[in-house]
Amino acid sequence: MTLYQRDERALSKLQKLRFFPLAVTGGEGSYLTGDDGRRLLDFSASWGAVSLGHGHGAVREAVDRALADQAGASTLSAANEPAVKLAEALLDLVPGGGERRVWLGHSGSDANETVARAVVAATGRPRVISFAGAYHGGTAGSMAISAHGVQKHAERASGLHVIPYPDPYRPYGDDPTGGRIIDELEQAFRADCPPDQVAALFIEPIMSDGGLIVPPKGFMKRLTDLCRSHGILVVSDEVKVGMGRSGRFNCIEHEEVEPDIYVLGKGLGGGLPLSAAVGPASIMDFASSFSMQTLHGNPVCASAGLAVLETVAAEDLVANAARVGAALQDGLRTLAHRHPMIGDVRGRGLAIGVELVTDRASRTPDAKAAAKLVYRAFELGLVLYYVGAHSNVLEMTPPLTLIRAEADAAVSILDRALDDLAQGRVADDIAAGFEGW
Ligand code: PMP
């Protein structure tokens, strides 16, 4: 029996999001090792989590050191040096004034859930605004403030007000600036969603699972100015696109917006479970025993996080993401000249989306092509998945350590896979049994 077959028999489907039969035995840098011995260029990096590439020496050393003289396993009832140091480092790296505190968790989900509960409890305002297509997590509380299509079994918060995300490729109300969305929110404030009832606006500075959408310039500033004018807190969910991935340390720095609360995850742990929320003490110190899990503030994970922050600075990875990401986008745009299936290429730094369409004029989403393409790319040695409300956007979130030659290699593989698809060399049912999302 193969590793993949054993996985099917032993591990629950509830936590799977599968696109092809990938089974890995190891990895190094930007590559995974398949159980068939193939080296696979990893353009997902486990959805952005493996920020420094696989098995980075700095993370290994930090984990070893933390375990060699282990300062417990939790921050709940004891201070430990790595957790405190990580929090101090984040207070330095994340902009903001006044008294602020850092909450440490395991995942984007627990961090967003904590923030969602804390803003409501601390302000006494019961409502939250988020975007259609937003994915803030997979726990009950984080799903409650999300609006992603995959979460069809989730219960939304009763006070959730959902607004469209401005998609320049598919403008809402024919307004590419997103202005219509803001007009409608102003109307809602006057009607069924009084702003003094709203605790926070949750934004994804690039909508990632909802389709890797870069908002039009100026939209986030207008939206957050409006919310701020009503005393609504702004929460930037940087879980996937923060930590340098966008070519700035915090993705929201591309806009002229200073959020009240930042949420970090995925890449922060470099592949270990770690997340953080950074915000005003009035919210983050609102109560004790309010949101805690036994292993929160784990010194081993915190040490890994510190190693990630140090390496991002030492190896200048924010600049690398900007530079290699720009080259990668150029390469993908060149591909678009040859392959009419590519409707749009977009992104910032090493957060890139490629939208597939049945024809460019109508922009009709081609989910089938996305499923077949990622499967074919996997056969050719490239791992990437797709996202989006129409399941048709290839998502690229490779390690921040990616080099130009690896970007070029991925473009070549995609070129071949697109050719194979266009020439009918990929079986229509190749991805049958892989549900994706
Ligand atoms: N926020 C964003 C923007 C995400 O992309 C994700 C995961 N895709 C999450 C939160 C949840 O993170 P996790 O799965 O690590 O809990």
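Residues numbered from 1 in each chain as written. Predicted model: local features only at pLDDT ≥ 70, side-chain atom pairs only at ≥ 80, totals over all residues. Heavy atoms only, no water.

Novice: Go over the sheet that holds strand β8 (residues 233–237), please, and point to the residues and values.
Specialist: Ordered in space as β4-β10-β9-β8-β7-β5-β6, the seven strands form an open sheet in which the pairing is mixed. If you trace the sheet from one side to the other, it starts and ends with β4 (100–105) and β6 (160–163), each paired once. Shown here is a sheet whose adjacent strand axes are inclined to one another by a mean of 20°, direction ignored. Looking at chain direction, β8 and strand β9 (residues 261–264) are connected through three bridges and run parallel. Note that in β9 the partner of aspartate 237 across the bridge is valine 263. Of the strands in this sheet, β4, β9 and β10 (275–280) are in contact with helix α4 (residues 81–93), which crosses β4 at around 125°. Across the face of the sheet, helix α5 (residues 108–123) comes into contact with β4, β5 (127–131), β7 (198–203), β8, β9 and β10 while running at roughly 155° to β7. (Pairing = 2+ DSSP bridges. Helix = DSSP H or I, 4+ residues; strand = E, 2+ residues; numbered from the N terminus. Axes fitted to C-alpha atoms, helices over the stretch in contact; angles between N-to-C directions. Contact = heavy atoms within 4.5 Å.)

Novice: I'd love a proper account of the site of the ligand, names of residues and values included.
Specialist: Around the ligand, 14 residues are found, and the nearest of them are Ser109, Tyr135, Asp209, Asp237 and Lys266. Within the contact set of the ligand, a nitrogen atom lies 2.7 Å away from a side-chain nitrogen or oxygen of aspartate 237. One nitrogen or oxygen atom from the side chain of lysine 266 is found 2.9 Å from a nitrogen atom belonging to the ligand. Computed on the free molecule, the ligand has an accessible area of 390 Å², of which 85% lies beneath the protein chains in the complex. Ranked by residue count, the leading element in the shell around the ligand is α5, at three residues. (Near = heavy atom within 4 Å. Polar contact = N/O pair within 3.5 Å; in protein donor to acceptor, adjacent residues only side chain to side chain. Areas by Shrake-Rupley, 256 points an atom, 1.4 Å probe, with all protein chains shown as cover.)

Novice: So what's going on with the pattern of salt bridges? Which residues, and what values?
Specialist: The final tally for this structure, using the stated rule, is 21 salt bridges. For aspartate 285, the salt bridge is made with arginine 101, and the minimal N-O distance between the two is 2.7 Å. In this pair, aspartate 285 sits in the loop between α9 (281–284) and α10 (299–314) while arginine 101 sits in strand β4, placing the two residues 184 residues apart along the sequence. Classification of aspartate 285 as partly exposed rests on a relative accessible area of 43%. The class for arginine 101 is partly exposed, based on a relative accessible area of 30%. In this structure, glutamate 355 and arginine 170 form a salt bridge, with 2.6 Å as the shortest nitrogen-oxygen distance. Here glutamate 355 is found in strand β12 (residues 351–356), whereas its partner arginine 170 is found in the loop between β6 and α7 (179–190), with 185 residues between them in sequence. By relative accessible area, which is 24% here, arginine 170 ends up partly exposed. (Salt bridge = Lys/Arg side-chain N within 4 Å of Asp/Glu carboxyl O. Buried < 20%, exposed > 50% of the residue type's maximum accessible area, 1.4 Å probe, protein only.)

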